[in-house]
Every structure is written in C-alpha cells, then in structure tokens.
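Per-entry structural report
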Amino acid sequence: MLAIRDLHVRLSGRPILSGISLAVDPGTLTAIVGPSGSGKSTLLRAISGEIGYSGTVALNGCEVGAAAPEALARQRAVLPQETQVAFSFTAAEVVALGAHGGPPPPRARIEALLARVGLAGMAGRLVQNLSGGERQRVHLARVLLQAGAPVGPEGPHWLFLDEPVASLDIAQQLAVMRIARAHADGGGGVLAVMHDLNLSAMFADRIVVLSRGRVVTAGPPAEVLTGAMIETVYGCRIPVCTLPEKGPWLLVQAAGAP
C-alpha cells in the first residue's frame, strides 16, 4: 500500500501542498487530476522521494523519505513529465537504463518492451531524432523495464506516471493507458497525474482531485466527476453523461458555457 499522512511540501519557502492524506491500494489505478498549478506533479515528486516533505509517505511499509535510492528503485518506477537525454543514446540504450544497476537486459527483452509501447523496430534509432511522443514512449519502456512484473517477491511494484499521454495521439493514449491498466490488474499499483478527465474516467479505479495544494475530493470516477465539481475546481460548466450504459464517461462543453 501507499499511505500518505498529512503531507506538506514547501518549495522556495512557498507552501505547495498542505495536509495531503491518501491511501492507495496495489491492484488499482489512481488518477490525480486538477487545474494546472494545483500541485499534482509536486505530489508525485514527493511520494517518489525526489523532494523533501513533512508528514509520512509509506510505500509498501517503508518510509520514502528515509529509504535509500536503491531500495526505492526496486519498489517504484517513475515517468516524469519530460526527461532530457544529454548524450547520443539509442532507444535501446535508454530503455536499458531501467535495469537500475542490475545486469544488462537481453536485447530481445528491450525490443519486446519497445514493441509493447508501439516502437517496434526502433531500438537502434537515436533518441534525439525521435518525435516528442516517441521519446515519451521510449522512457515508458524504460520505466516498464525497471518496474518489472506487477508483483515481486518483496511485494507490489508501483508505476508513478506524470502526464504519460500528454504528447500522444488518441490511439497511443489508449495504448499507454491499457498498459497502465494491465499493470494494476496484475496486482501492481499505478498512480498517474492526468489532465484528460475522459481517459481518467475510462481507466482509473479512483480519482483524486487536487486544487491549490489540497485534496478536494477522492473516490470512484462516477462519484467524483460531477458537473458541480468541475465547475467548482475548473471554473467551467460542463455536463457529465455516459454513453452507452456503463460505458466511457463523456465530458461535453455546454453551448454558450463560460
């Protein structure tokens, strides 16, 4: 389990997150949504162990702030919003970095991961020559290598994904979300920062809404994604409906709505 208790984060002396408390179970996909600047990425960085915090963040029973980087790397894999590659690495070389100090993975394993994210046959391409969406998927393959199986001998493995579909077309977005969903269905945990409320509703078991560094509401998509919540948090009136019954949620801008 990921257990967050009374989490506070200050950056450059300014409060960013205040009093965040959440419990996230393995075997589930949790989407973190909210307006830009609400603290979503900061929350992911804090629970990843990248930045300091006050409060408690326990991942599989281990306090993140006190854990060695090697121990964290065996429990969670992190996909940031953007990752810069400073050297002329091939896609295969970038994916291999996910081995986190272990023996180099077999070439076939790397190629299989690249194929899984829709980049079959691109192992030898230089990352700098790829499109933004292709680079993003290369790093997703790296993260999947690091995470390994959804559950290992030491417990569930976690994926922390920061806007994993931001640079992708709709087909690629669906493919990436299906990969995240499969990891959760296999017993691992997935926490994803999302802007797309439709995709969040389609794939997440639970949605956490942040605004101004605080949790506004959290729960199943059908309970959280209401017109009232969207108007309060995002400042726009959008009716919410489902088509067909039990199907994907659709958020449609009302004609003439502000």
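Relevant structure appears above.
Being a predicted model, the structure only gives us computed values, none of them experimental.

Conventions and cut-offs
- Residues numbered from 1 in each chain as written.
- Predicted model: local features only at pLDDT ≥ 70, side-chain atom pairs only at ≥ 80, totals over all residues.
- Heavy atoms only, no water.
- Pairing = 2+ DSSP bridges.
- Helix = DSSP H or I, 4+ residues; strand = E, 2+ residues; numbered from the N terminus.
- Buried < 20%, exposed > 50% of the residue type's maximum accessible area, 1.4 Å probe, protein only.
- Core = buried A, V, L, I, M, F, W, Y, C linked by side-chain atoms within 4.5 Å.
- Contact = heavy atoms within 4.5 Å.
- Axes fitted to C-alpha atoms, helices over the stretch in contact; angles between N-to-C directions.

1. Observations regarding the pairing of strand E1 (residues 2-11)
Across 7 bridges, E1 lies against strand E2 (residues 14-24) in antiparallel orientation. By the bridge assignment, leucine 11 is partnered in E2 with arginine 14. Turn length for the E1-E2 hairpin, with the two strands adjacent in sequence and antiparallel, is 2 residues, and the turn residue serine 12 shows positive phi of about 55°.

2. Digging into helix H1 (residues 40-48)
The element H1 is extensively covered by neighbouring structure, given that 8 of its 9 residues are classed as buried. What H1 keeps buried is the set Lys40, Ser41, Thr42, Leu43, Leu44, Ala46, Ile47 and Ser48. The first or second residue beyond H1 is glycine 49, which carries a positive phi of 90°.

3. Describing the nonpolar core
In this structure, Leu29, Val95, Leu114, Val138, Leu159, Met194 and Ile207 are the most contacted members of the largest nonpolar core, which totals 52 residues. With 7 residues, the top contributor of residues to this core is helix H5 (residues 132-147). The residues touching leucine 114, leaving out its near neighbours within four places in the chain, are Ala91, Ala92, Val95, Leu119, Ala120, Ala123, Val138 and Ala141. Ala46, Ile51, Phe160 and Leu191 belong to the second-largest nonpolar core, a separate cluster that totals 27 residues.

4. Observations concerning the environment of glutamate 223
The topology assignment puts glutamate 223 in helix H8 (residues 221-224). The class for glutamate 223 is exposed, based on a relative accessible area of 59%. Along the primary structure glutamate 223 and isoleucine 207 are separated by 16 residues, whereas in three dimensions their C-alpha atoms are 9.1 Å apart.

5. Concerning the sheet that holds strand E12 (residues 214-219)
A sheet is described by the order of its strands in space; here 6 strands give the open sequence E6-E9-E10-E3-E11-E12, paired in mixed fashion. Each having just a single partner strand, strand E6 (76-79) and E12 make up the two edges of the open sheet. Between one strand axis and the next, the sheet turns through 15° on average, direction left out of account. For strand E11 (residues 206-211) and E12, the ladder comprises 5 bridges, and the chain directions are antiparallel. Paired with leucine 210 across the two strands is valine 215, which belongs to E12. Along the sheet, helix H9 (residues 227-234) contacts strand E3 (29-33), E11 and E12; its crossing angle with E11, the most-contacted strand, is approximately 30°.

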